[in-house]
Amino acid sequence: MSALCDPPGAASPPRPPLSAQELGQEVKAFLSGVDPVHGTKLSAKDHARCALLLLRSLPPARHAALDHLRSVFDDQVCSHLLERESGTASALSRSGGGGLEEVVQEVQRVLAEFVRSNPKAWAPVVSAWSIDLMGQLSSKYAGRHGVPHASSLNELLQLWMSCKATRSLMEIYTQCLSAMIGGCPDACVDALLDTSVQHSPHFDWVVAHIGSSFPNTIINRVLSCGLKDFCAHGAAPGGDLLFPGSADKRVPKIASVVGILGHLASRHSGSIKQELLRMFHESLGPAREPPHKAAVPFLLQLAVMSPPLLGTISSELVDSLKPGVLNQLHQHFASLPREDLDNMVSIVVHLICQTSAGAFRILQFLVNTAMPASVITPPGPTLHDGVREACDRIIQLLLLNLQKLVYNRASPTLTDSPPRPIPFLDALRSHVRELCVETLRLERKRFLWQHQLLGLLAVYSAPHCASDALFFLLALARSPEELALATQLYAVLSSCLSDLLPATVTTCVSQIHAGRLPEPQVAQLFRNLAAVVQGEGGEGAGSAMGAQLGAVLARHLHDLAQLLLHHDAEVAESACLLLSVCPLPRSVPPAHLLAAIRAAVHQFFLVLRRQNPSDLGSSSRLLARLSAVSPAAAKAVLQQLVEGALRGGNAELFGAPAEHSGRDETRQEGSGGVSLLDINRRFTTAVNFSGGVWSVFHAGVIGKGLKALDASENRESEELAHNSQAFLTLLLRCCRGARAADSAPESFPTVHPEAAKAVAAALVESVCPEAAGGELAWPPEEQARGTVERDLRICRRFRDHPLLFPLLRLVAAGRPALCYCSVLLRGLLASLMAFWDACRESRTAGSPWHLHASCALVSCMAEGSLLPPVLGNMHEIFHQLAPFEVHLLLLSVWDYLRENSPLPQKFTFQAEKGVFLRDFSRDGDVGKHLAVLHSVLHKNIHRLGLLAGRFRP
């Protein structure tokens, strides 16, 4: 009966003395269950009290008495559950449990006296008995109707704590644990772990309650007991400790340790974290006892079995791994066999893959330890080479393991369960930008690791992470080497991800329009996209990506064209560069196309003002390509360019004087803080001047200083010539058809007549809008006298805008388009004739502009086939003549045009040459219009004799 022996040193509390005869009768009654006096069967209540009497009076019978009292608690629990099920008190009598609550209270009181009187002897025995009994009761009634499932921990705890029997057992165990905390709490914790192993998960409510009552003690002792059990059961035949994965089946208590700590993690994660870190650092100290040596494998096993514990400690553990700690860890395991080290590294890699908390911090730690970014050694202990090699190997194995996990995931279907998640990659989703920044540093092997990880993350979290990663690489790259990383990533992802480029471009557009990118990065993004489209993003991959990227960008013409109007010049110029190298879509909505043309024209004049040759080339190329989209697009481009060049501040770029219009007044008023409109409103509201001509208006303040000089006066002639040349070159490219859009100027074909007609219409609209769409026929003399004011205004516009005559020459090159400028030709010719008629200079050189205008006008009409060759050559002698002679020659031109109006119907198309030609022989005899010319030649034969041959019919 060794099991029934009294615990060593046990002493019973004071009790009434019993004689030997009475004690014998009590023993006989306890064993038989029959009253020795009356011979009747003892009730459950009397039998329990008999056991309590022996528990107090007979030390050898205490274990038997405690064993019998188990049935008392069992009956009380059954009665409690029946009462809950039936809801009536009659269940107590049917179960034979009536009055058992009093016995339960008496048992609790007796055991409490034992523990209080001699805790060292009684606490281990009573705690083991109470905790084991709670485990048995929890498992026995777990499947009973009305008992909550083990996963409903709170409901289960409320049920058992409302039962008198289990609540008393809990209070008994709590008293024992309180009594043993200062001495040897391992006995209580061992009993707790053993019971948890046998009765989990039905026993979890006990663990939760006790852990909440003694969190620090339970956490500390559970870890300590678990480590001792790990050392005892996890030893290899040779005596070495086995590492996680090889000993878990022979360590029965570690699952209970995980369960207990898991219950406490929700409210006491800080204490658990502190104890785990303490155990880790103590294992690296000078002590080399087996428990300390096995602490790291034990902690790894806990982490493998409990991801929440891993998340609790991962980030703080990484922060504590300073060079000194890492060197100690390396020294701690340096003597272990290669197989054990490989096993440990594999477990570390597995744990990293299952880690979500602090994943990016762990990655930075591994990369910085394996390959420091700086060559400057930080102060403190020098890191051992073995540590760097170990981290290098961990990173390589981590990438390999992640690759297997990512590419072995089954694609989800309608019936399959979702693929198994990878917590490490899930946590890195929000750090895509940081990974891209680190990758673009191009530091030794670091960027190769991170670039490979980016690819795995993109495949795992497609499509969003894939497009985000490609977007950040394109936006942040600052050199061709960095840009090559984007094309290489695309080469990896394009084989397994469809629609990657459309998603990436959509991400780019949304990020830009949402204002989430700073302006320098937006400009850099556009330059990088342009480089990729042009095949400069790397060999092979860059060209393959560029062809597809250009087609995708073409779909976003409207979004990208809006950025040509961006307030930041760098952004607008880079957007222009991108659009100039992208293929344009075959069909564009007219509204989008017109908006893009307007923005491109605006950008062209801004770049021309800034005098940036490279950006000017991009802007010109973009407009030429837009004009090649369709005839309507070409017409719109030409119209916008001509109107823009002759309007506002743009005209100053080509030598026109500044226009002092309402726009300038508004600007000056705004700059000085004075608004004439507001002043006049206040002024005129005080006095009523309505109804007559005697109205008074405020005209400003005297003394505001001299007018600002015209911008054109400050421009050098070389700059004006360069601007005109750039503009006319672009206009010529747009006029000469779609084939010239991407060609060199030397390879342009003939100016297209329809394009020249569009320029002519824009010229008339800009110079003389009231005459737009008028008759092309030359008016009779009487009608011409009524347009003197308009003619003078046309002449003044030509004098103010030096660009008009080159534009006329361009129109003349696209015959018969010059016919549509008839109103301008009439007005200019009439004004010049009137000037030379009234001029009193001896030679025409005294009026240089009018001489130039007369020569240019006749030359343009000759080039446009409005004049026959003989009349068209007369401008060659204007500089040798007197003003009245020029007047007479121009008058003969006027007479010819009046008889032979410049109409398009007089031109015929020659298919073999592809041009329109005019047959002047159909217009009758030209000789009658040459009489004045021959007379002038005869009079000036001494000077013009050598040129007489050019004026023969």
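Given the structure is predicted, the values throughout are model-derived calculations rather than measurements.

The rules behind the values
What you see as residue numbers is a count from 1 along each chain, following the sequence as written. In keeping with the predicted nature of the model, local features appear solely for residues at pLDDT of at least 70, side-chain atom pairs appear and are counted solely at 80 or more, and the whole-chain, interface and lining totals rest on all residues. Note: side-chain values were computed over all heavy atoms of the structure, leaving out hydrogens and water. Elements are defined by DSSP. Helices are runs of H or I of four residues or more, strands are runs of E of two residues or more, and each kind is numbered from the N terminus. Remark: exposure states derive from per-residue accessible area (1.4 Å probe, protein chains only) relative to the maximum for the residue type, with buried under 20%, exposed over 50%, and partly exposed in between. By definition in these notes, contact holds between two residues if any of their heavy atoms fall within 4.5 Å. Areas reported as accessible are Shrake-Rupley estimates using a 1.4 Å probe. Residue values count occlusion only from the protein chains shown. To get an axis, fit a line to the C-alpha atoms, keeping to the stretch in contact for a helix; angles then go from 0 to 180 degrees between the N-to-C directions. For this classification, under 35 degrees means roughly parallel, over 145 means roughly antiparallel, 65 to 115 means roughly perpendicular, and everything else is oblique. Side-chain classes are defined by residue name, with Ala, Val, Leu, Ile, Met, Phe, Trp, Tyr, Cys and Pro counting as nonpolar, Asp, Glu, Lys and Arg as charged, and the others, Gly among them, as polar. Two cysteine sulfurs form what is called a disulfide whenever their separation falls within 2.5 Å. For any helix crossing, the convention is left-handed if the near helix is rotated counterclockwise from the far helix by under a right angle, and right-handed if that rotation is clockwise. Definitions used throughout: a 1 Å grid over protein atoms alone; a cavity as a set of points that fits a 1.4 Å probe which cannot get out; a pocket as an open set with protein on both sides within 12 Å along at least five of seven lines; a lining residue as one with an atom within 4 Å of a point. Grid points are joined across faces, edges and corners, and a volume is the space filled by probe spheres set on the points. In these notes, a set of buried Ala, Val, Leu, Ile, Met, Phe, Trp, Tyr and Cys residues joined through side-chain atoms within 4.5 Å is what counts as a nonpolar core. Within the patch definition used here, like charges are joined within 9 Å and nonpolar side chains (Val, Leu, Ile, Met, Phe, Trp, Tyr) within 5 Å, considering only residues with over 30% relative accessible area and no salt bridge. In the sections that follow, a salt bridge refers to a side-chain nitrogen of Lys or Arg positioned within 4 Å of a carboxyl oxygen of Asp or Glu. Here is the rule: rings of Phe, Tyr and Trp (six-membered ring for Trp) pair when centre to centre is within 6.5 Å. Planes less than 30 degrees apart are stacked, more than 60 are edge-to-face, and the remainder are tilted. Think of it this way: DSSP has to see at least two bridges between two strands before they count as a pair.

1. Quick word on the overall build of the protein chain
Part 1 of the argument: From N to C terminus, the protein chain includes 45 helices and two strands.
Part 2 of the argument: When the 953 residues of the protein chain are sorted by exposure, 49% land in the buried category.
Part 3 of the argument: The contacts of the protein chain with a sequence gap of at least 6 include a subset with a gap of at least 24, amounting to 75%.
Part 4 of the argument: Entry remark: accessible area of the protein chain is about 44900 Å², with carbon and sulfur atoms responsible for 55%.

2. A closer look at the environment of Ala 484
Part 1 of the argument: By secondary structure assignment, the location of Ala 484 is in helix α24 (residues 480-493).
Part 2 of the argument: Judged by relative accessible area, which is 14%, Ala 484 ranks as buried.
Part 3 of the argument: Put simply, Ala 484 and Leu 440 are 44 residues apart on the chain and 10.0 Å apart in space, counted from C-alpha to C-alpha.

3. Some points on the packing of helix α8 (residues 164-180) against helix α9 (residues 186-199)
Part 1 of the argument: At a minimum axis separation of 9 Å, α8 and α9 run at an interaxial angle of 140°. One element, α8, and the other, α9, form an angle in the oblique class. Of the residues in α9, those touching α8 at Tyr 173, Cys 176, Leu 177 and Met 180 are Ala 187, Cys 188, Val 189 and Leu 192.
Part 2 of the argument: Here the residues of the contact of α8 with α9 are counted per class, giving eight nonpolar, no polar and no charged.

4. Some words on the state of the cysteines
Part 1 of the argument: According to the stated counting rule, one finds zero disulfides in the structure shown.
Part 2 of the argument: With no disulfide of its own, Cys 436 lies 9.8 Å from the sulfur of Cys 465, the closest cysteine sulfur.

5. Observations concerning the packing of helix α43 (residues 883-899) against helix α44 (residues 931-939)
Part 1 of the argument: As a packed pair, α43 and α44 sit with axes 9 Å apart at the nearest point and diverge in direction by 155°. In terms of orientation, α43 and α44 fall into the roughly antiparallel class. When you trace α43 past α44, the crossing you get is left-handed. On the side of α43, the interface is formed by Phe 884, Glu 885, Leu 888 and Leu 889, while α44 contributes Val 932, Leu 933, Val 936 and Lys 939.
Part 2 of the argument: Split into classes, the residues belonging to the contact of α43 with α44 amount to six nonpolar, no polar and two charged.

6. Quick notes on empty space enclosed by the protein
Part 1 of the argument: Overall, the coordinates contain one cavity of 30 Å³ or more when judged by the stated rule.
Part 2 of the argument: Here the largest cavity is characterised by a volume of approximately 40 Å³.
Part 3 of the argument: Every residue lining the largest cavity is listed: Leu 363, Val 367, Ile 395, Leu 398, Leu 399, Trp 449, Gln 450 and Leu 453.
Part 4 of the argument: Only α18 (359-370), α19 (385-407) and α22 (446-460) provide two or more residues apiece to the lining of the largest cavity.
Part 5 of the argument: Across the lining of the largest cavity, the residue classes tally to seven nonpolar, one polar and no charged.

7. Focus: the nonpolar core
Part 1 of the argument: The biggest cluster of nonpolar side chains holds 293 residues, and the ones touching the most others in it are Leu 641, Phe 727 and Leu 763.
Part 2 of the argument: The element best represented in this core is helix α12 (residues 254-283), accounting for twelve residues.
Part 3 of the argument: For Phe 727, the contacting residues outside a window of four places in its chain are Phe 604, Phe 605, Leu 641, Val 642, Ala 645, Phe 654, Leu 803 and Leu 807.

8. Structural notes on a nonpolar patch on the surface
Part 1 of the argument: On the surface, Phe 884, Leu 888, Leu 891 and Val 932 cluster together into a nonpolar patch covering about 290 Å² of accessible area.
Part 2 of the argument: It is α43 that provides the largest number of residues to the nonpolar patch, a total of three residues.
Part 3 of the argument: Along the polypeptide, Leu 891 turns up in helix α43.
Part 4 of the argument: A relative accessible area of 31% places Leu 891 in the partly exposed class.

9. Topic: the pattern of salt bridges
Part 1 of the argument: Inspection of the entire model under this criterion finds 18 salt bridges.
Part 2 of the argument: Residues Arg 429 and Asp 426 are paired through a salt bridge, measuring 3.3 Å at the closest nitrogen-oxygen approach.
Part 3 of the argument: By relative accessible area, which is 42% here, Arg 429 ends up partly exposed.
Part 4 of the argument: Relative accessible area serves as the criterion here: at 27%, Asp 426 is assigned to the partly exposed category.
Part 5 of the argument: Shared partners join several salt bridges into a network, and the residues in it are Glu 438, Arg 441, Glu 443 and Arg 446.

10. Focus: the environment of Thr 844
Part 1 of the argument: Within the secondary structure, Thr 844 is located in the loop between α40 (822-838) and α41 (848-863).
Part 2 of the argument: Judged by its relative accessible area of 0%, Thr 844 falls in the buried class.

11. Observations concerning the packing of aromatic side chains
Part 1 of the argument: Summed over the entire model, instances satisfying the criterion amount to 14 aromatic pairs.
Part 2 of the argument: Among the aromatic residues, those joined into a ring-pair cluster are Phe 604, Phe 605, Phe 654 and Phe 727.

12. Describing the pairing of strand β1 (residues 907-910)
Part 1 of the argument: Two strands pair when backbone bridges link them, and β1 and strand β2 (residues 915-918) are joined in this way by four bridges, in the antiparallel orientation. What sits directly across from Thr 908, in β2, is Leu 917.

13. Remarks on unusual backbone geometry
The phi angle of most residues is negative, glycine excepted, and most peptide bonds adopt the trans form.
Part 1 of the argument: Ala 462 connects to Pro 463 through a cis peptide bond whose omega is 5°.
Part 2 of the argument: By secondary structure assignment, the location of Pro 463 is in the loop between α22 and α23 (464-476).
Part 3 of the argument: Residue Pro 816 is reached from Arg 815 by a cis peptide bond, and omega for that bond is 5°.
Part 4 of the argument: Topologically, Pro 816 is positioned in the loop between α39 (804-813) and α40.
Part 5 of the argument: Of note, the phi angle at Asp 499 is positive, near 60°, even though the residue is not glycine.
Part 6 of the argument: Structurally, Asp 499 can be placed in the loop between α24 and α25 (500-513).
Part 7 of the argument: According to the relative accessible area criterion, Asp 499 is exposed, its value standing at 60%.
Part 8 of the argument: A positive phi is found at Ser 865, a non-glycine position, where the angle reads about 60°.

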